[in-house]
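One-letter residues, chain by chain:
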Amino acid sequence: MLNLLSALEKAKAVIISGHTRPDGDCVGSCMALWHYIRDNYPDVHAQVRLESVPASYRLIPGTENIITNFDDDQACDLFIALDASDKARLVGAARYFDAADHTICIDHHISNQGYADENLVCPQASSACEVLAGLLDMDRVSLNCAIALYTGIICDSGVFKYSSTSRRTMEIAGQLLEKGVPGQQLIDGVFYQKTYMQRKLLGRCLQDSFLSLDGRMFSCIVRWETMRLFGASHEDLEGVIDQLRMTEGVETAVLISEDETGTFKFSMRSNRQVDVSRICEVFGGGGHIRAAGFSVKADMPEVFGRVEAMVKEQLDACTTD
Ligand SMILES: [Mn+2]
């Protein structure tokens, strides 16, 4: 069993990193470990190196200390990778991994082969934060460390919704709440809080959306003109497609957004029956069975018609089975 604390006792300089395009669990686990080291090992120099952190995760305390470039030759005697399923996912930080005297990997991805000197991979855990929490002395976890862990857990478990959520997940979350973690504030901040513009844009999208295939497909087309009017970028549409998907009777949701070059980005989601990645692959895109996408610079109504026909074909195959 990996003994993180005894490794920290021996360390002098620690570099902490996670995967490319960091998400809440990645940022949360890295920052939680950073706080834990700063709070309990004042002689250890620790730094977190990640690609730039999306705004919604900056409510995790201390993220302003994250170093987002990988240009220098900073040496360390201990490198700790969190939430990164293979070394390639460390991207720029891999050079510090290679140069380190000792490496540790803490993760929950089933595909992780164990690329570090010491590895703890728990595929049944909800999050890297849950795995990390099990290695720390809970009596020495500060409020800032607890906030970081809690944020990672809610992000990767969809606020305790996904099947990876276990009794253990809830017990750890309970211990973190006892530290004073502002649960509602964090959940609102990460999942529900939008800007005024994003709220109005969501309203506009829902207003313009339309059903087809007997109410089983729900689509929305956002032209560049609308994006320009709202001063919106593609990220401002995040969450819109789930509003379409989580509609009674709907099996497949399609969100189409146009950019200034006339390129149309198709995002697709399905609930139970349609393999949307199969459809998106036809147009050079891809993804997962229930979430996929592609981009085309073509006759959008024609492409939309083909997508709709493919969704219908899959739905018809399900009902005749
Ligand atoms: Mn994760």
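Residues numbered from 1 in each chain as written. Predicted model: local features only at pLDDT ≥ 70, side-chain atom pairs only at ≥ 80, totals over all residues. Heavy atoms only, no water.

(A) Local environment of the side chain of serine 219. As for its position among the elements, serine 219 is in strand 7 (residues 217-222). Contacts of serine 219, omitting those with residues within four sequence positions, involve Ser209, Phe210, Leu244, Val254 and Phe304. (Helix = DSSP H or I, 4+ residues; strand = E, 2+ residues; numbered from the N terminus. Contact = heavy atoms within 4.5 Å.)

(B) Molecular detail of empty space enclosed by the protein. Inspection of the entire model under this criterion finds one cavity of 30 Å³ or more. Here the largest cavity defines a volume of roughly 30 Å³. In this structure, the largest cavity is lined by Ser17, Gly18, His19, Thr20, Arg49, Leu50, Glu51, Phe70, Leu90, Val91 and Ala93. When grouped by side-chain class, the residues that make up the lining of the largest cavity number five nonpolar, four polar and two charged. (1 Å grid on protein atoms, 1.4 Å probe; cavity = no way out; pocket = protein on both sides within 12 Å on 5 of 7 lines; lining within 4 Å. Points joined across faces, edges and corners; volume = space filled by probe spheres on them. Nonpolar A, V, L, I, M, F, W, Y, C, P; charged D, E, K, R; others polar.)

(C) Representation of the environment of cysteine 105 in the model. Relative to the assigned elements, cysteine 105 resides in strand 4 (residues 102-107). Considering only alpha carbons, one finds cysteine 105 and leucine 120, 15 residues apart in sequence, at a separation of 6.2 Å. Setting aside residues up to four positions removed in sequence, cysteine 105 forms contacts with Ala81, Ala84, Asn112, Tyr115, Ala116, Glu118, Asn119 and Leu120.

(D) Examining the packing of helix 5 (residues 143-157) against helix 6 (residues 167-178) more closely. Close contact between helix 5 and helix 6 brings their axes to 9 Å; oriented N to C, the two are set at 145 degrees. When you trace helix 5 past helix 6, the crossing you get is left-handed. Facing helix 5, whose interface residues are Ala146, Leu149, Tyr150 and Ile153, helix 6 presents Thr169, Ile172, Ala173, Leu176 and Leu177. Residue composition of the contact of helix 5 with helix 6, by class: eight nonpolar, one polar and no charged. (Axes fitted to C-alpha atoms, helices over the stretch in contact; angles between N-to-C directions. Left-handed = near helix turned anticlockwise from the far one by under 90°.)

(E) Geometry of the coordination of the manganese ion. The coordination sphere of the manganese ion, as far as protein atoms go, consists of Asp25 (OD), Asp83 (OD), His108 (NE2) and Asp156 (OD), spread over 2.1 to 2.3 Å. If you list the donors of the manganese ion from N- to C-terminus, the spacing comes out as D-x57-D-x24-H-x47-D. With aspartate 25 in helix 2 (residues 24-40) and aspartate 156 in helix 5, this residue pair connects regions lying 131 residues apart in the sequence. The two residues aspartate 25 and aspartate 156 agree in class, both being buried. (Donors = N, O, S within 2.8 Å, 3.2 Å for Na, K, Ca; no water. Buried < 20%, exposed > 50% of the residue type's maximum accessible area, 1.4 Å probe, protein only.)

(F) Fine view of the environment of alanine 100. Take alanine 100: it is sitting in the loop between helix 3 (94-99) and strand 4. Sequence-distant contacts of alanine 100, defined by excluding residues within four places in its chain, comprise Cys76 and Phe79.

(G) Region of the structure containing the sheet that holds strand 6 (residues 210-212). Taken together, six strands build an open sheet; the order of strands is 6-7-8-9-11-10 and the sheet is mixed. Where the open sheet ends on each side, the last strands, each with one partner, are strand 6 and strand 10 (286-287). Bridge count for strand 10 against strand 11 (residues 291-296) is two bridges, and the pairing is antiparallel. Within strand 11, the position partnered with glycine 286 by the bridge is glycine 293. (Pairing = 2+ DSSP bridges.)

(H) Representation of helix 8 (residues 196-208) in the model. For helix 8, built from 13 residues, the straight-helix expectation of 18 Å at 1.5 Å per residue is met to within 8% by its first-to-last C-alpha distance of 19 Å. Every buried residue of helix 8 is accounted for by Gln198, Leu201, Leu202 and Cys205. Along the axis of helix 8, the buried positions cluster into a sector of 105 degrees, meaning they face one direction only. Exposed and facing more than 90 degrees away from the buried side of helix 8 are Tyr196 and Gln207. (Expected span 1.5 Å × (residues − 1). Arc of directions from axis to C-beta.)

(I) Geometry of the side chain of serine 127. Of note, serine 127 is situated in the loop between strand 5 (118-121) and helix 4 (128-133). When residues no more than four places from it in sequence are discounted, the contact partners of serine 127 are Asp25, His108, Gly152, Ile153 and Asp156.

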